[in-house]
Amino acid sequence: MIHVLLLTYLKPRDIVSAHMAEHKAWLRDHADRGRILLAGPRADGGAVVVTADLDEATVRELIETDPWHRLGIASYERIPFEARTASPGVITAAEPDDSVVLINVATTEDAPATVDALAEAVRHVAATADGFRGSRLLSSVDGDAVVNFAAWADEKRFRAIFDDPGFVRRYEHFARTTTGAKYRLYRTSRVITPDR
């Protein structure tokens, strides 16, 4: 389960600030371990932490190790939910699993045409392929390249799309709009978050 953790300050702002560095070190440690996906202050005071897909015991351990919790600076309200939809690029597994990320880089002289053709192939995959988790199509600032950044449950299900004539036909149309294209599959090796 994903957990939304709502932190409410129990101490005055100066005490919160005095222990901010410790709390940020805790956030970074758990973000680098893949346990925390998002964190930040709430506009109305307090803070929010969104976890990766963690079991109850791990979430309890996470909360108990926060310096703000240990020092009685903040209380936690926990809202668990099952993440059925995620934006491509959001990896919710805290530990490495079988999922893969596709990065397909295509050079082009007509980025809009390439994006349109690639989008058609990806929409077909979205409607038909088991294990597809989503795709983000990127165009270079210079307009000479397009990237398909896509998430898949595993390599086997990604490779199965090449057995689908409907996909192959659309992918070949995409390839004709490019001056070259190459894809690779990736798995997370390490997570490094901003040190701020």
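Just above, that's the structure.
No experiment lies behind these values; they were computed from the predicted model shown.

Reading the values: the criteria
- Residues numbered from 1 in each chain as written.
- Predicted model: local features only at pLDDT ≥ 70, side-chain atom pairs only at ≥ 80, totals over all residues.
- Heavy atoms only, no water.
- Helix = DSSP H or I, 4+ residues; strand = E, 2+ residues; numbered from the N terminus.
- Buried < 20%, exposed > 50% of the residue type's maximum accessible area, 1.4 Å probe, protein only.
- Pairing = 2+ DSSP bridges.
- Axes fitted to C-alpha atoms, helices over the stretch in contact; angles between N-to-C directions.
- Contact = heavy atoms within 4.5 Å.
- Expected span 1.5 Å × (residues − 1).
- 1 Å grid on protein atoms, 1.4 Å probe; cavity = no way out; pocket = protein on both sides within 12 Å on 5 of 7 lines; lining within 4 Å.
- Points joined across faces, edges and corners; volume = space filled by probe spheres on them.
- Nonpolar A, V, L, I, M, F, W, Y, C, P; charged D, E, K, R; others polar.

S.K.: Before we move on, could you go through the environment of Ile63 and cite the residues and values that matter?
M.R.: Looking at the element boundaries, Ile63 is found in helix α3 (residues 56-65). When its relative accessible area of 10% is taken as the criterion, Ile63 is described as buried. Distance from Ile63 to Arg78, taken between C-alpha atoms, is 9.7 Å for residues 15 residues apart in sequence.

S.K.: Describe the sheet that holds strand β7 (residues 145-152), naming the residues involved and giving the relevant values.
M.R.: Taken in spatial order, the four strands make up an open sheet running β6-β7-β5-β8, and their pairing is antiparallel. Two strands close off the open sheet at either side, each with one partner strand: β6 (132-139) and β8 (180-186). The average undirected angle you get between the axes of adjacent strands in this sheet is 15°. Relative to β7, β6 is paired through seven bridges, and the arrangement is antiparallel. Note that in β7 the partner of Arg136 across the bridge is Phe149. Relative to the sheet, helix α5 (residues 111-128) contacts β6 and β7, its axis offset from that of β6 by approximately 175°.

S.K.: Tell me about α5, residues and numbers included.
M.R.: Across its 18 residues, α5 extends 26 Å between first and last C-alpha, which sits within 8% of the 26 Å expected from 1.5 Å per residue. Ala111, Thr114, Ala117, Leu118, Ala119, Ala121, Val122, His124 and Val125 are the residues of α5 that are buried. Buried positions along α5 lie against β6, β7 and α7 (165-176).

S.K.: Please provide a residue-by-residue account of the pairing of strand β3 (residues 47-51), values included.
M.R.: Of all five residues that make up β3, four are buried, and the element is covered over most of its length. Pairing between strand β2 (residues 36-41) and β3: five bridges, direction antiparallel. Bridge pairing in β3 places Gly40 opposite Val48. Where β2 folds back onto β3 in an antiparallel hairpin, the turn is made up of five residues, including Gly45, whose phi is positive at roughly 100°.

S.K.: An account of the sheet that holds strand β1 (residues 2-9) is needed here, citing residue identities and associated values.
M.R.: Sheet strands line up and pair through hydrogen bonds in the backbone, either parallel or antiparallel. Strand order across the open sheet formed by four strands is β2-β3-β1-β4, with antiparallel pairing between neighbours. Pairing within the sheet leaves two strands with one partner each, and these edge strands are β2 and β4 (74-81). For this sheet, the mean inter-axis angle between neighbouring strands, taken without regard to orientation, is 15°. On top of the sheet, α3 reaches β1, β2, β3 and β4; it is set at about 25° to β1, its chief contact.

S.K.: Give a description of the layout of surface pockets that names residues and reports values.
M.R.: Roughly 1200 Å³ of volume is contained in the largest pocket. What lines the largest pocket is a set of 48 residues, among which Ala31, Ile36, Leu37, Val191 and Thr193 lie closest to the centre. In terms of residue count, helix α2 (residues 20-32) provides more of the lining of the largest pocket than any other element does, eight residues in total. The residue makeup of the lining of the largest pocket, split by class, is 28 nonpolar, ten polar and ten charged.

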